[in-house]
Amino acid sequence: MSRYLIVGGAGYIGSHVVRALVERGDTVVVLDNLSTGHLEAIATSGARFIPGDVCEGNGLDRLFRCQEFDCVMHFAASSLVGESVTKPLDYYANNAGGAIRLLEAMQRNGVDNFVFSSTAAVYGEPSRVPIEESCTPQPTNPYGRSKRFIEQLLGDCAKAYGLRYAALRYFNAGGACPSGEIGEDHSPETHLIPLVLQVALGQRERIDIYGTDWPTPDGTCVRDYVHVCDLADAHLLAADRLAAGGESVVFNLGNERGLSVREVVDLARRVTGREIPVRDAPRRSGDPARLVASSSRIRSALGWSPRFEDPGELIETAWRWHREHPHGY
Ligand code: UFG
């Protein structure tokens, strides 16, 4: 049994990890400022909740002084690519600044193991697909750059202070806990799958397809959708590896399978049995054409493999969540 501090644990991905840790018997403390997270996402999880902001070093010190942790996982971040272009200072302050405060507090208090939420956005427009971790990161927006900055900072802290970390580069997270109790709830919602399901529920008239002239088989963007519970599994495996003395690592987390926007809409039509009207729209600025992971590194290093390889199943779990919680938490 280990003791975890989960920063940003009330958010979409963090709350699924919290649940998985508690279910296997670990002790979990969640620190979250609830700016985008939801108390309801962890209320019945068995984790202890502490309201607070990762950017406030004094609060972090108090927390580390009154409780011991074996590992810290850091999910708290601003994560909208488009918004990062118009508010770069907010993104660097919250993402880079928050990570620095947290790493400082860990160093002062002798906590060495760190699991970090990174992103496929560090790759920018990749020159080769599927993308391997050895592909040179060239982020094309402030969000991706802020995450890449933290990855580099982690490498520096590992050398200087003996920090041990796992940086997990998520591709497109989707789906929800199959129990239907927790799921995705952003405001405003900008992600494809929840928006498509809101159309299926009749909450939106249609889905705009951002660009139909991309260099892809059907002209729409291709992404690698990975189930949030599979992401959670990977966090547990990565933390266990650090606890066992494993060295610092960077892993892609994706299904190794690309789906176009039109394919996502078609699947959602099949799963929901509802009509989902679409409208062709201009490209969204900052979108790469195709992001598909190679996840062979984490498969061979940690034995991770996705339980939800079928994208239809991923959408089914998301549909259950949205149907049962049409207005979110
Ligand atoms: N899309 C539409 N219409 C919409 C919304 C999205 O066509 O109304 C398209 C987008 O253009 C994109 C695809 O659907 O091609 C997926 O878009 P999302 O907004 O769901 O996800 P992104 O790929 O933009 O970004 C997500 C995370 C980022 C992360 C990135 C890494 O939000 O944090 O995956 O792949 F960096």
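Computed from a predicted model, the values in this text were never measured in an experiment.

### Observations regarding the nonpolar core
- Ranked by internal contacts, the top residues of the largest apolar core, which has 36 residues, are I6, L21, M73, L168 and L253.
- Residues from two domains meet in this core; each of domain 1 (3-174 + 225-253) and domain 2 (192-223 + 256-324) gives at least three.
- Core analysis: the next-biggest nonpolar cluster, separate from the first, contains 27 residues, F69, L103, L153 and A167 among them.

### With respect to the packing of aromatic side chains
- A full pass over the atoms with the stated rule returns five aromatic pairs.
- Consider the rings of F64 and F69, whose centres lie 5.8 Å apart with planes at 90°: the pair is edge-to-face. Just as F64 is buried, F69 falls in that class too.
- On the numbers, 6.3 Å between centres and 35° between planes, the contact of Y123 with F171 is tilted. Taken as a pair, Y123 in the loop between β5 (113-119) and α5 (142-161) and F171 in the loop between β6 (164-170) and β7 (172-174) lie far apart in primary sequence, 48 residues in all.
- Given a relative accessible area of 1%, Y123 falls into the buried group.
- Its end group placed over the ring of W214, R283 keeps NZ or CZ at 3.9 Å from the ring centre.

### What to know about the site of the ligand
- Around the ligand, 21 residues are found, and the nearest of them are T119, H191, D208, R284 and D287.
- One of the side-chain N or O atoms of N172 is found 2.8 Å from an oxygen atom in the ligand.
- Burial of the ligand by the protein amounts to 92% of the accessible area it has alone, namely 680 Å².
- Breaking the shell around the ligand down by element, the ones donating at least two residues are α6 (192-200) and β8 (207-210).
- Across the shell around the ligand, the residue classes tally to 12 nonpolar, five polar and four charged.
- There are two domains that each give the shell around the ligand at least three residues, and those are domain 1 (3-174 + 225-253) and domain 2 (192-223 + 256-324).

### Topic: the pattern of salt bridges
- Inspection of every chain in the model, using the stated rule, returns 21 salt bridges.
- Across the pair R24 and D26 runs a salt bridge whose closest N-O atoms are separated by 2.5 Å.
- Look at R24 and you get partly exposed, because its relative accessible area is 37%.
- One continuous salt-bridge network, built from bridges that share partners, spans R3, E68 and D70.

### Remarks on the side chain of E151
- The topology assignment puts E151 in helix α5.
- In this structure E151 comes out as buried when scored by relative accessible area, which is 5%.
- There is a polar contact of 2.5 Å between the side chain of E151 and the side chain of S118.
- Residues in contact with E151, not counting those within four places in the same chain, are F116, S118, V122, Y165, A167 and R169.

### Quick look at the sheet that holds strand β3 (residues 48-51)
- With parallel pairing, seven strands are arranged side by side in an open sheet as β3-β2-β1-β4-β5-β6-β11. Each end of this open sheet is capped by a strand with a single partner; those strands are β3 and β11 (249-253). For this sheet, the mean angle separating the axes of adjacent strands, direction not counted, is 20°.
- Examined bridge by bridge, β6 and β11 share five bridges and lie parallel to one another. Across the sheet, L168 pairs through a bridge with F251, a residue of β11.
- Against the sheet, helix α1 (residues 12-23) engages β1 (3-7), β2 (27-32), β4 (71-74) and β6, with an angle of about 165° to β2.

### Examining the domain arrangement of the protein chain
- Split into domains, the protein chain comes out as domain 1 (3-174 + 225-253) and domain 2 (192-223 + 256-324).
- Centre-to-centre separation of domain 1 and domain 2, based on C-alpha positions: 24 Å.
- Listed per partner, the contact involves 29 residues of domain 1 and 27 residues of domain 2.
- Between domain 1 and domain 2 lies a buried interface of about 2,500 Å² when both sides are counted; carbon and sulfur atoms form 64% of it.
- For the pair domain 1 and domain 2, the number of links is two salt bridges.
- Among the salt bridges present, the one from D233 reaches R307, with a minimum N-O distance of 2.9 Å.
- If you look at where domain 1 meets domain 2, you find 11 residue pairs in polar contact (both at pLDDT 80 or more).
- Of all the secondary-structure elements, those providing two or more residues to the side of domain 1 that touches domain 2 are β7, β10 (225-227), α7 (228-243) and β11.
- At seven residues, the largest contribution of residues to the side of domain 1 that touches domain 2 is made by α7.
- Residues belonging to the side of domain 1 that touches domain 2 are distributed by class as follows: 15 nonpolar, eight polar and six charged.

Quick notes on the rules
Residues numbered from 1 in each chain as written. Predicted model: local features only at pLDDT ≥ 70, side-chain atom pairs only at ≥ 80, totals over all residues. Heavy atoms only, no water. Core = buried A, V, L, I, M, F, W, Y, C linked by side-chain atoms within 4.5 Å. Buried < 20%, exposed > 50% of the residue type's maximum accessible area, 1.4 Å probe, protein only. Domains from an automatic or database assignment. Phe/Tyr/Trp six-rings, centres within 6.5 Å; stacked < 30°, edge-to-face > 60°. Helix = DSSP H or I, 4+ residues; strand = E, 2+ residues; numbered from the N terminus. Lys NZ or Arg CZ within 6 Å of the ring centre and 35° of its normal. Near = heavy atom within 4 Å. Polar contact = N/O pair within 3.5 Å; in protein donor to acceptor, adjacent residues only side chain to side chain. Areas by Shrake-Rupley, 256 points an atom, 1.4 Å probe, with all protein chains shown as cover. Nonpolar A, V, L, I, M, F, W, Y, C, P; charged D, E, K, R; others polar. Salt bridge = Lys/Arg side-chain N within 4 Å of Asp/Glu carboxyl O. Contact = heavy atoms within 4.5 Å. Pairing = 2+ DSSP bridges. Axes fitted to C-alpha atoms, helices over the stretch in contact; angles between N-to-C directions. Buried area = accessible area lost by both parts, 1.4 Å probe.

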